[in-house]
Amino acid sequence: MHPNLSPSLPVIPEVCAELWTSAVRVLDANWVGDHTVPSRTLHPHQRSWDTAFTAIGLAYVNQPRAWRDLGSLFAAQWPDGRVPHLAFDPEDPEDPEDPEDPEDPEDPDTPEDAHFPGPRFWNVPAYAGRPARSSTGLVQPPLHALAAWEVYRHAAAHGADAVQQARIELDRLYARLVAQQEYLGDRRDGGGGGLASIVHPWESGLDDSPAWDQALAAVPADPGAAHPQTDTNHARYAGLVLDYRAGGYSDTGLAERHAFVVECPGFNAVLATAELALAQIAGVLGRPSEARRHRERARDVTTAIGRRLWNPETRTFHARDVRTGRLSPARCVSGLLPLMLPDLEPDQVDGILAELRSERFGLPAPSHDRTAREFDAHRYRRGPVRIDVNWLLRRGLLVHGRRDEAEELRRRLVRLVHRNGHFECFHPEEGGGLGTSGFSRTAALCLDLLADRSAPAYARAA
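Keep in mind the model is a prediction, meaning the values are calculated, not measured.

1. As for the overall build of the chain
Piece 1. The helix and strand tally for the chain stands at 16 helices and eight strands.
Piece 2. Sorting the 462 residues of the chain into buried and exposed places 61% on the buried side.
Piece 3. By sequence separation, contacts in the chain at least 24 residues apart represent 69% of the contacts at least 6 residues apart.
Piece 4. Of the accessible surface of the chain, which amounts to about 17400 Å², a share of 48% is contributed by carbon and sulfur atoms.

2. Describing the packing of helix α1 (residues 13–29) against helix α16 (residues 440–451)
Helix-helix packing: each pair is described by the crossing angle between the helix axes and the interaxial distance.
Piece 1. Viewed as axis vectors pointing N to C, α1 and α16 meet at an angle of 145 degrees, and their least axial separation amounts to 8 Å. Handedness of the crossing formed by α1 with α16: left-handed. Listed contacts from α16 to Cys16, Leu19, Trp20, Ala23, Val24, Val26 and Leu27 of α1 are Ser440, Ala443, Ala444, Cys446, Leu447, Leu450 and Ala451.
Piece 2. Residues that form the contact of α1 with α16 fall into these classes: 13 nonpolar, one polar and no charged.

3. Regarding the environment of Gly118
Piece 1. On the secondary structure map, Gly118 appears in the loop between α4 (111–114) and α5 (119–122).
Piece 2. Separated by 30 residues in the primary sequence, Gly118 and Phe88 have C-alpha atoms spaced 8.4 Å apart.

4. Quick look at the packing of aromatic side chains
Piece 1. Applying the stated criterion across every chain yields a total of 12 aromatic pairs.
Piece 2. Cluster of aromatic residues (ring-pair linked, three or more members): Trp78, Tyr127, Tyr244 and Tyr249.
Piece 3. The ring of Trp78 has Arg82 sitting right over it, with the charged end atom 4.3 Å from the ring centre.

5. Brief notes about the pattern of salt bridges
Piece 1. Per the counting criterion, the structure on display carries 27 salt bridges.
Piece 2. Arg315 is the partner of Asp347 in a salt bridge, and the nearest nitrogen-oxygen pair spans 2.9 Å. One end of the pair, Asp347, is in helix α13 (residues 346–357); the other, Arg315, is in the loop between β4 (310–311) and β5 (316–317), and 32 residues separate them in sequence.
Piece 3. Arg386 is the salt-bridge partner of Asp388, the closest N and O atoms lying 2.6 Å from each other.

6. Regarding the packing of helix α2 (residues 48–61) against α16
Piece 1. It is the contact of α2 with α16, at a shortest axis distance of 8 Å, that shows an interaxial angle of 40 degrees. With respect to their mutual orientation, α2 and α16 come out oblique. Crossing handedness for the pair α2 and α16: left-handed. Residues Trp49, Asp50, Phe53, Thr54, Ile56, Gly57, Tyr60 and Val61 of α2 pack against Ser440, Arg441, Ala444, Leu445, Leu447, Asp448 and Ala451 of α16.
Piece 2. Here the residues of the contact of α2 with α16 are counted per class, giving nine nonpolar, three polar and three charged.

7. Thoughts on the nonpolar core
If you look at soluble globular proteins, the nonpolar side chains tend to sit buried side by side.
Piece 1. The biggest cluster of nonpolar side chains holds 129 residues, and the ones touching the most others in it are Trp67, Phe260 and Ile281.
Piece 2. Considering each element in turn, this core owes the most residues, 10 residues, to helix α11 (residues 265–284).
Piece 3. With residues near it in sequence (within four places) discarded, Ile281 still touches Ala145, Ala148, Trp149, Leu170, Tyr174 and Leu177.

8. A look at the side chain of Arg331
Piece 1. Position of Arg331 relative to the elements: it lies in the loop between β6 (320–321) and α13.
Piece 2. The exposure class assigned to Arg331 is buried, which follows from its relative accessible area of 18%.
Piece 3. In terms of polar contacts, Arg331 uses its side chain to reach the backbone carbonyl oxygen of Thr314, at 3.3 Å.

9. With respect to the side chain of Glu355
Piece 1. Mapped onto the elements of the fold, Glu355 is located in helix α13.
Piece 2. Owing to a relative accessible area of 2%, Glu355 belongs among the buried residues under this scheme.
Piece 3. With near-sequence residues (within four places) excluded, Glu355 lies in contact with Thr316, Arg331, Leu336, Arg360 and Phe361.

10. Focus on the environment of Phe317
Piece 1. By the element assignment, Phe317 lies in strand β5.
Piece 2. According to the relative accessible area criterion, Phe317 is buried, its value standing at 1%.
Piece 3. Discounting chain neighbours no more than four positions away, the residues touching Phe317 are Pro265, Ile305, Gly306, Leu309, Trp310, Gly335, Pro338, Leu344, Gln348 and Ile352.

11. Section: the confidence of the model for the chain
Piece 1. Taken over all residues, the pLDDT of the chain has a mean of 90, while the share at 70 or more is 89%.
Piece 2. Throughout residues 1–6 the model reports pLDDT below 50, and contacts reaching past four residues in sequence, or to other chains, amount to 17 contacts.
Piece 3. In this model residues 93–114 is a low-confidence stretch, pLDDT under 50, and it forms 44 contacts with partners more than four residues away in sequence or in other chains.

12. A few points about α2
Piece 1. Its 14 residues give α2 an end-to-end C-alpha distance of 21 Å, which sits within 8% of 20 Å, the value for a rise of 1.5 Å per residue.
Piece 2. Burial analysis of α2 places 13 of its 14 residues in the buried class, which makes it a mostly covered element.

13. Section: unusual backbone geometry
Piece 1. Omega for the peptide link from Leu363 to Pro364 comes to 0 degrees, which places this bond in the cis form.
Piece 2. Of note, Pro364 is situated in the loop between α13 and α14 (387–399).
Piece 3. Of note in this structure, Asn123 is not a glycine but carries a positive phi near 50 degrees.
Piece 4. Examined against the element boundaries, Asn123 turns out to sit in the loop between α5 and α6 (144–153).
Piece 5. At Arg315, a residue that is not glycine, the phi angle is positive and equals roughly 55 degrees.
Piece 6. Residue classification places Arg315 among the partly exposed residues on the basis of a relative accessible area of 30%.

14. Here we look at the environment of Ile281
Piece 1. Summarising the element assignment, Ile281 is placed in helix α11.
Piece 2. Judged by its relative accessible area of 0%, Ile281 falls in the buried class.
Piece 3. As for Ile281 and Arg167, which are separated by 114 residues in sequence, their C-alpha atoms are 9.3 Å apart.

Rules behind the numbers
- Numbers given to residues run from 1 along each chain, matching the order in which its sequence is written.
- Given that this is a predicted model, residues contribute local features only at a pLDDT of at least 70 and side-chain atom pairs are listed and counted only at 80 or more, while totals for whole chains, interfaces and linings are drawn from all residues.
- Hydrogen atoms and water are omitted, and side-chain values are computed over all heavy atoms in the structure.
- Secondary structure follows DSSP: runs of H or I at least 4 residues long count as helices, runs of E at least 2 residues long count as strands, and numbering of each begins at the N terminus.
- For every residue, the accessible area obtained with a 1.4 Å probe (protein chains only) is divided by the maximum for its type, and the residue is called buried under 20%, exposed over 50%, and partly exposed between those limits.
- The contact rule is simple, with two residues in contact once any of their heavy atoms fall within 4.5 Å.
- We get accessible surface area from the Shrake-Rupley algorithm with a probe of 1.4 Å; when it comes to residues, only the shown protein chains can shield them.
- Simply put, an axis is a line fit to the C-alpha atoms, just over the touching stretch for a helix, and the angle between two N-to-C directions goes from 0 to 180 degrees.
- We call a crossing left-handed when the near helix sits turned anticlockwise from the far one by less than a right angle, and right-handed when that turn is clockwise.
- Ten residues, namely Ala, Val, Leu, Ile, Met, Phe, Trp, Tyr, Cys and Pro, are considered nonpolar, four, namely Asp, Glu, Lys and Arg, are considered charged, and the remaining ones, Gly among them, are considered polar.
- When two rings of Phe, Tyr or Trp (its six-membered ring) have centres within 6.5 Å they constitute a pair, described as stacked for plane angles under 30 degrees, edge-to-face for angles over 60, and tilted for the intermediate range.
- As a reminder, the over-ring test applies to NZ of lysine and CZ of arginine, requiring each to be within 6 Å of the ring centre and within 35 degrees of the ring normal.
- One speaks of a salt bridge when a side-chain nitrogen belonging to Lys or Arg is within 4 Å of a carboxyl oxygen belonging to Asp or Glu.
- The scheme is simple: roughly parallel for angles under 35 degrees, roughly antiparallel for over 145, roughly perpendicular for 65 to 115, oblique for anything else.
- Grouping buried Ala, Val, Leu, Ile, Met, Phe, Trp, Tyr and Cys residues that are joined through side-chain atoms within 4.5 Å yields what is termed a nonpolar core.
- Polar contact is defined as a pair of N or O atoms within 3.5 Å, subject to the rule that within protein one atom must be able to donate a hydrogen and the other to accept it, and that residues adjacent in sequence are counted only when both atoms are side-chain atoms.
- Scored from 0 to 100, pLDDT records how confident the predictor is in each individual residue.
- By this rule the span expected of a helix is its residue count minus one, scaled by 1.5 Å.

The structure is reproduced here in structure tokens:
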């Protein structure tokens with residue numbers, strides 16, 4: 001039991017009002033005209049799954065901005081369907097393309113230092129009417145269909161005009177969302193087993209998780225590829241980007257030519273959840289046959305997760321290195337995220353719930369097993385508590401009818417942020433804020449935690 005993180009007290013109205021006001025203030029401060037940045041202090045460009053989480057919160061307070069955020073990100077979508085994990089801001093005053101800001105990699109005022117690696121490092125060619133170097137070539141978990149559905153679902157609270165506009169926005173986004181799913185389900189199926197592979201830890205949303213340690217150890221560290229102040233792992237990260245870039249960001253023959261090809265249970269749980277959201281969107285758009293196809297696709301991905309990533313000895317899910325076929329030994333929070341899937345086998349649901357209730361995790365869940373040697377309470381994805389991941393776990397509890405536990409987790413998260421602020425993550429025992437403050441996705445998800453206790457339409461009874 002971690003008393004600073006798990007008070008069983010009701011959330012009083014004054015706390016709710018204060019947290020609501022502070023969350024809206026953070027989202028307003030991070031709005032830059034046509035999208036929301038993760039934070040003003042550390043993350044100056046639009047980031048993929050942050051945009052999805054932010055839209056979920058904006059659904060309550062500013063529907064036009066929620067749709068604008070999603071639309072801005074999907075304007076950066078590649079012709080092959082991938083949605084880049086970062087879309088660089090061409091209006092950024094420190095953009096290296098600015099003639100007043102010379103392309104000097106040693107200039108500390110360039111984005112190459114402020115946000116390494118920056119646009120020049122990625123060197124993405126022009127595509128779909130966008131200029132060169134306008135995005136990265138990696139992806140992140142495809143939470144955007146769920147975000148679009150959540151924004152639509154809450155439009156009625158804003159009046160008839162908002163509902164009509166939401167219907168228009170869904171129609172506009174639907175084909176792009178489908179293209180994103182098809183890219184991940186087809187071109188990224190590096191293992192041929194029906195799951196999407198990630199080609200870089202940054203694609204997982206859990207960048208330095210111990211889930212990648214085993215696969216990453218086989219990646220050569222090239223210090224010359226990295227920022228001078230990075231460690232060995234970040235030298236490997238930079239080397240992986242250069243390797244993927246050298247192949248023209250192609251996904252053909254990934255397992256044979258790329259050094260990091262991993263099936264992540266969390267990423268694929270989001271992939272299947274996106275198909276369930278697309279089924280709901282297709283229903284609203286009057287496309288019943290497509291809705292059925294999305295539901296079938298969600299079941300297929302769920303089955304593949306169970307077949308390829310479940311370890312019956314640990315009774316939880318683990319990342320699989322496609323190149324070696326080995327499951328990572330690490331017990332990470334990503335292995336708990338398949339709880340979001342309604343078609344998960346009952347034994348697998350029970351295994352995840354037992355893991356959540358064990359001394360290794362608890363609620364709110366840290367990003368890694370508390371009892372493991374690699375656990376680090378201060379490193380973002382090796383120990384701290386994150387609101388976004390716990391928001392997904394709460395959704396999983398609701399999907400499987402565990403309403404009491406979902407409500408207890410909601411209360412703990414609300415009190416955690418109210419006490420400490422809208423930080424990127426939190427100390428797993430003491431509760432203090434870690435990382436960047438004024439963080440958009442934390443603020444946005446607090447709005448949802450305060451406003452909505454409903455279960456997904458496809459939730460099962462306990």
